[in-house]
Structure formats: C-alpha cells, structure tokens
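Analysis of the macromolecular model
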Amino acid sequence: MDLLRSHLHKVRIPEPTNRIHKDECCVSFDTPRSDGGLYVDMSSFLGFGREHVEWNFEKTGNPVYLHIVQRRKPEPDEADRPLKKPTLLAIGVEGGFDDREPEYDMAYEIIILPDFISLPFPSVDLPEKVRLAVDKVILAESADRKQQLAAWVADKKNISAYAMDLQQLDNGVTVPPTGWKCSKCDKTENLWLNLTDGVILCGRKLWDGSGGNNHAIEHYEQTKYPLAVKLGTITADLEAADVFSYPEDDSVEDPLLAQHLSHFGIDFSSLQKTEMTTAERELDANTNYDWNRIQESGKDAELLFGPGYTGLANLGNSCYMASIMQVMFSTHPFILRYFEKQSLKAAFATAPADPTLDLNMQMTKLGHGLLSGKYSAPTKEGQEEIRPHMFKSVIAANHSEFSSMRQQDALDFFLHLIDRVEQANLGNHELNPCSGFKFIIEERVQCPSGKVSYNKRSDYILSLSIPLHEATNKEQLEAFNEKKAAMDLDGKELSNEEIVRPRVPLEACLASFSGPEEIPDFYSTALNSKTTATKTAGFNTFPDYLVLHMRKFVMEAGWVPKKLDVYIDVPDTIDISHMRSKGVQPGEELLPEGASGDNKAEPGPVASEDIVSQLASMGFNYLHCQKAAINTSNTGVEEAMNWLLSHMDDPDINDPISKDSRASEQSVDEASVQTLISFGFPEDVAIKALKASGGNIEKATDWIFSNPEASSSASADSSTSNVNADDAIPDGSGRYKLMAFVSHMGTSTHCGHYVAHVLKDGRWAIFNDSKVAASVDLPKDMGYLYFFQRISD
C-alpha cells in the first residue's frame, strides 16, 4: 500500500472526455476474457494484455494498472434448453431471434509493475484517489463502445417533399378492405395504391421475372402523381407501411398517411399485414439459391483453424472491410510488411502516445491477429474471432461513409485502404506493400488524320465491363426466355433453380477493355475540328498482383440501378501478355499539342442529322429535336427523346441555338448528379461525367469507369494518379494465377453482404466474417473482385 501511495502522482481520475480502453488491448486482440485478462493503465487509460503490459511500463514508466478479468458463468441448463426456430423477423421477442448473451463474472484488482504486486479491489484501504479513479473507469463507457454508438447512424426514411401538400382527387373512389387486384392486369400481389387518384396497380417487374408488370410506375410516368402505398403493408402501425415516392425514387415517410388513406375510405386500424415491405423483400431476395451458394450455406464444410485462418467479427455491416482485409493479408507484401518484418513490440515502440490512433500499429495488430493463429481456436459456439474496432476506427478516420455503420462498396474500401497505406509509407518503396498492385495503362488515340496521341495513367484496379452478347450459353438462354415468356402468359413464375443466367468468359471482358472504342466529339488539333477518334488501351507495366473489378452494376431504363445476373467463367490462370502496349511505333506521327487555331474558331454545337430526323418523324418540333441532340451530345435517339420530354416546358425551348455556348456543358440536372452521388461517386466527378455524357446517367456511369483518371484530382480515394517517374512500379510477365476473389450478394454495393474466398495452402477457403472453412462448392463464377498473383518466370 505504501508503494501504491508513492505512485499516486501517476494515477489520473478520468474526465468525461477521456477515451478509456477497457474492452481490448491496444496492441493485440486480448480482452478481459483472454487468459491473463486486461490491464488498464491508470494514467493513459490504455488497455494491455498480459504479454504486452510490460512494454507499456518500459515505454512510459506508468506503474499502476486496473486488472480486469471476465469469466463466463456456467449455464447448467444450456444443453436442456430446446433450440426454437425463429418465426418473426425480430430480436428479443417471443418467436424472434434469441438475443441472450452469455453472462460473465467480473473481477478487479490493482496491479503495480514491474513486479505485478497485487492489491484487492474494492478495498477501503486503498487511497481515495485510486478508489475514485477506478470507480470512474469501471462505470465509464469504453472508447470502443463510444465509437460504435457514434457510428451507428440509422438510415431513417425521410419525409416526402410531396406528402404535406399532396393533391387528392375527389373522384368518389372507395378502396375495399380486401380483394385487391391491379386495375390493368390480373396481379393480386405487390399492389400499390396511388394516393392521389386511388388507382390500384402492380409494382415493378423484378430481375427474375417476379413482382408486377410495372403498371404503377407507368401510371406515374403518365400522371406524375407522386406517392403510392403498398397494400398489404398497411396496419395500425402506420410507420411500418411502405410508402414510395416516384419523383424522389425512394421509400419515404408520409406524416399524413392516415388522412390520405381515409380519403379513400380505408380504416387502417383494422388491416392486417399480408405483404412484405420493399426492404423485407430485398432481405428475402438475398437468401435465394445464388446467395446461399456464395456463402456455401448448407454445406458440411470443415472449419479451419491456425495461422491465416482467423475470422473477423462483423461490427455492423463491416463485411466489405473483412473480406478485403482477409485477401490483403493473404498477399506477400502485406504479410511481410505487417507481420514477418514488423513485430508488435517494435510497432508499439515507434507509435505515438496513443497507439489506437496509429495506422501502422493497428495494421500490425490486425496482421498479427489474423496470421499468428493465436486467436484461431475452436469454441463452444464454433470458432474464435477477433473484433477489429480499433483498425476500423483508424482506417475510416475522417471518412464520412467508412466511419459509419452503413454497408459500403468493397471496391471503394480497397482503393481507400491503398490510399491510406501509401500515404503512411510515402518515400519508402521497400516498406510500401501497395506498390505490387500498381500498374500503368497506356491509351492510344487516333483521329481520322492518321495522327495519334499517347497518354499514361497509373491505377490499382482494372475495371471491366461485361459483354452479355459474348455469352457462351446462348441456346440455353433462348430456350429459357421462351419458357419464361410462356409461363408469364399463364401467370406462372419460375423457381430459382429453373433460371438460366448468361455465362460470359473472362477473356471476353478483357477483350472489351483492350478493344477499339470510338470517341465522339473528339477535338483534333490536326484537323482543327471535332471528329470521331478511336481509342485503344494496353498495359505499359504488369503488376505483381492484378485486381479485376467486374462492372456488374449498370443502369436500366428509368435510371434504375440494376445488378447484372450473370456468371463469369474465370480460369485458374490467365496470360494477358498480348495486352501489353507497344508505345509510339515507327512511322507514327503525333497529334500537335494544344489547339493550332484560336479557341474562338472552334465550331459551335452541331446536332446529328440522323437523330434529329428520327425525332422529327415522330412529330416533334425540328428546332426542339436539334436542341435535344445537342444537349445529349448526339449519344442516341432514346437519350435525345428523354431530354426532349423533360424539357418541353423550358422557357427557352424556342430560342435559337447559340453558337457560343453548349448547354450540355454549362449545366447538368441536379437530380442526375444526386443519383450518381448515391452510387458512391464524388460530386465533381459526377458533374464532369454528366457533362461528358450529355446528361445520360448510364453513359455517365460508363464514362467514370472508363476514365478513372478523372477522379484523381477530385478525391483522395481515387484509384488513379498521374504517373510519376520516381514511382517504383513493378513489371514482369503477364501470366497470373487466381489467388482470391470477393463476392457480393444483394441488389446494390451499399447493401447485401460480401464474402471472400482465398487460395491457401493449396486449397480454397471461405472467409465469411467470423466463419472460416474449407470451400466445398467454389462459386468462382460469381465474383465481384478477382485477385490474381503473377506467376514467376
């Protein structure tokens, strides 16, 4: 006790603003439940496992610690308690999921280093300052818990801008309590009541042919009546009703829903729920055969244990992070940098005062956690797991999306990780584990003059479009489509097992990247005019690790994002040597740099006569048709018609076409910008893409993927950067072997689930958050990101 009193100046009473790490060691994944418990430094409030607390004493000289030990309480009746299958989509209620956590006994004591002298707590003999400090530590919310609470942002539905002043027609419509049917077809499910005119119509047709016949959305397009409520979701709990706003293109809240329903004679208090909401339907869709196949659900898989086979707990929609980190720590550069050549003690010694905020320390901690095998052992529940709270906090610092609890795109996270790790290792090529992923793309542009230009850019991913017309099972697809059409006529629906999906070879996707591409409206400095040029691309260097991104998310009619339901046939090895660029060839003449004439001489916008004539033949005003073609950069008749229909009432629609300005480059539709932002693209990149694509969202999305260098100046998380002569960019053969892939299940990259498969020790393993098992039925054709490793010559 006298020794403790001599160290009282080293004991601090925590303030409300102090971060108290009492859940986990800051340099390892030891917790109070680990052997040896956890030691909380009573000066810095950092937590340390038994193997690491002495490192802190050596570094700081802080001698006083609160030792916390948790031991699970025995549950003698656990084996006798029957396991009931949940019948409700709810937690902690009768019929729902069991949320009962195991209970633990807590034990505390005061430890004085370096000799680990132990003093009991609680004890009246302890100095008052120590008693007060420990009490505050025990009662305080831990730093990890505070972080989770701050990050848990519930995506509540917004109140519709159309709800408060919604027009409702006095047309005498009364909606019966049952017996609903679409007024345009025989559908009796997935029905939506338009809240303006009371018309009942079926919903959207889903990708697999189920759902409705699009009659509700067609009704909106004709009438512009904005809000509809899904019949079958209306109950006494009106907040749970599914209200959709067509102009806002989202599920919304209608505070006056009771009043709006009453207008059509609906007594919501007596209605029972008979239909799933849109969110529930998406959840249900994510449990179909294909998603189960990605997760290898229902397979009698062998659980794997030992170094490299440690699972990562899901921290709340963190599977995108878990899948990427499992792959990265299966690559040699990351293993060397943060495990084999970086000890935990060395990382801690060079870390700042708070190692929980140091990227190098937390990367090293994660690497040792995953690769040491220390946290990979069988448990009563199945498998041990580690919870990477501190790593997520550091890697997501100051990033509004990754610091939230919302699901994110695994590709975006991969690029963000690369960016952060590169910044942390600037100027040291040997330490930078990301250099092995970097490569240079060379683009060659040729205009009709025969002259060419070359441009180089660096990248970390190769984004590939999927040419569905190259499917190898066209006969089966035709037979399936005929069968599906016949069943639709009979009002029958196909089972998931009957669905035939296109199979596209990876070679076709690679060919679509390297093949020639037309560039309309290319300003040629040789011709001093706009023309159509041809662009080809190839690899200037081949990386050690090649990451292929499959562009499965496209835009369909109505600017609705859609995920391609397609299989990619990926071989175990690929050879892309033929994709190497050749540079300037003998006899080639380069395009002059800059415009040879005055910029004012550049001709004004010219409408495509083909597009204009087709639109005019439909009865549209010729001047309006010209404007539509110009404002969509002559991208096509459909795009021009869409623009024309939405701009018919513009006050300047009849003004002459200006030779000095191009409307398509001066402004873009704000709704289109917000749509692209919702897909995860930065605002300035979205604006640039829409300007380059005549306001067409689908073409803008393709433009962004085809011009990744556009975002290099706009976002720190960009996948590209200017090629620097000082960069150490590897090069070698173009032969690769598949070593991992990340799969996605769900309708959007911002919802659903990610799973990683990695080739380890000669066999494939599945990493599904905390589950690590031998792969039984490898879903290699369903990947979203594919990781290839160069085959040594």
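Residues numbered from 1 in each chain as written. Predicted model: local features only at pLDDT ≥ 70, side-chain atom pairs only at ≥ 80, totals over all residues. Heavy atoms only, no water.

Looking at an unreviewed UniProt entry, one finds the protein chain named Ubiquitin carboxyl-terminal hydrolase, with Urochloa decumbens as its source organism. The heading Function (unreviewed entry) in the UniProt record of the protein chain holds the text "Recognizes and hydrolyzes the peptide bond at the C-terminal Gly of ubiquitin. Involved in the processing of poly-ubiquitin precursors as well as that of ubiquitinated proteins." Quoted verbatim from the Catalytic activity (unreviewed entry) field of UniProt, the annotation for the protein chain is "Thiol-dependent hydrolysis of ester, thioester, amide, peptide and isopeptide bonds formed by the C-terminal Gly of ubiquitin (a 76-residue protein attached to proteins as an intracellular targeting signal)." (UniProt positions renumbered as here; feature names shortened; annotations may be inferred.)

Notes on the packing of helix α18 (residues 622-631) against helix α19 (residues 637-646)
Running from N to C, α18 and α19 point in directions that differ by 115°, and their axes come no closer than 8 Å. Both α18 and α19 take part in a crossing whose hand is right-handed. Contacts between α18 and α19 pair H624, K627, A628, A629 and N631 from the former with A640, W643 and L644 from the latter. Within the contact of α18 with α19, the residues separate by chemical class into 5 nonpolar, 2 polar and 1 charged. (Axes fitted to C-alpha atoms, helices over the stretch in contact; angles between N-to-C directions. Helix = DSSP H or I, 4+ residues; strand = E, 2+ residues; numbered from the N terminus. Left-handed = near helix turned anticlockwise from the far one by under 90°. Contact = heavy atoms within 4.5 Å. Nonpolar A, V, L, I, M, F, W, Y, C, P; charged D, E, K, R; others polar.)

Remarks on the confidence of the model for the protein chain
Looking at the protein chain, the pLDDT average stands at 82 and 80% of residues meet or exceed 70. Mean pLDDT across the secondary structure elements of the protein chain bottoms out at strand β26 (residues 720-721), with 39, and peaks at strand β25 (residues 573-575), with 97. Long-range and interchain partners of residues 595-603, a stretch whose pLDDT sits below 50, account for 8 contacts in this model, where long-range means more than four residues apart. (pLDDT = per-residue confidence, 0-100.)

Some remarks on the pattern of salt bridges
Two side chains carrying opposite charge are able to pair once their charged atoms lie near each other. Following the criterion strictly, the structure yields 24 salt bridges and no others. E24 is paired through a salt bridge with K365; the nearest N and O atoms lie 2.7 Å apart. Linking E24 in the loop between α1 (2-6) and β1 (38-41) with K365 in helix α12 (residues 359-371), this pair joins segments that are 341 residues apart in sequence. For the pair E24 and K365, one class covers both residues: buried. With a closest N to O distance of 3.9 Å, K181 and D186 form a salt bridge. Given the relative accessible area of 42%, K181 is considered partly exposed. Given the relative accessible area of 66%, D186 is considered exposed. Taken together, the shared-partner salt bridges connect E443, R457, D459, E517 and K535 into one network. (Salt bridge = Lys/Arg side-chain N within 4 Å of Asp/Glu carboxyl O. Buried < 20%, exposed > 50% of the residue type's maximum accessible area, 1.4 Å probe, protein only.)

Some remarks on the pairing of strand β20 (residues 529-539)
Strand direction decides the pairing type here: strand β15 (residues 439-446) and β20, joined by 6 bridges, are antiparallel. Within β20, the residue paired with V445 across the bridge is K535. One ladder, built from 6 bridges, connects strand β19 (residues 517-524) with β20; its direction is antiparallel. If you follow E517 over to β20, its bridge partner there is K535. Taken together, β19 and the strand that follows it, β20, pair antiparallel across an intervening segment of 4 residues, in which N528 is found at a positive phi of about 55°. (Pairing = 2+ DSSP bridges.)

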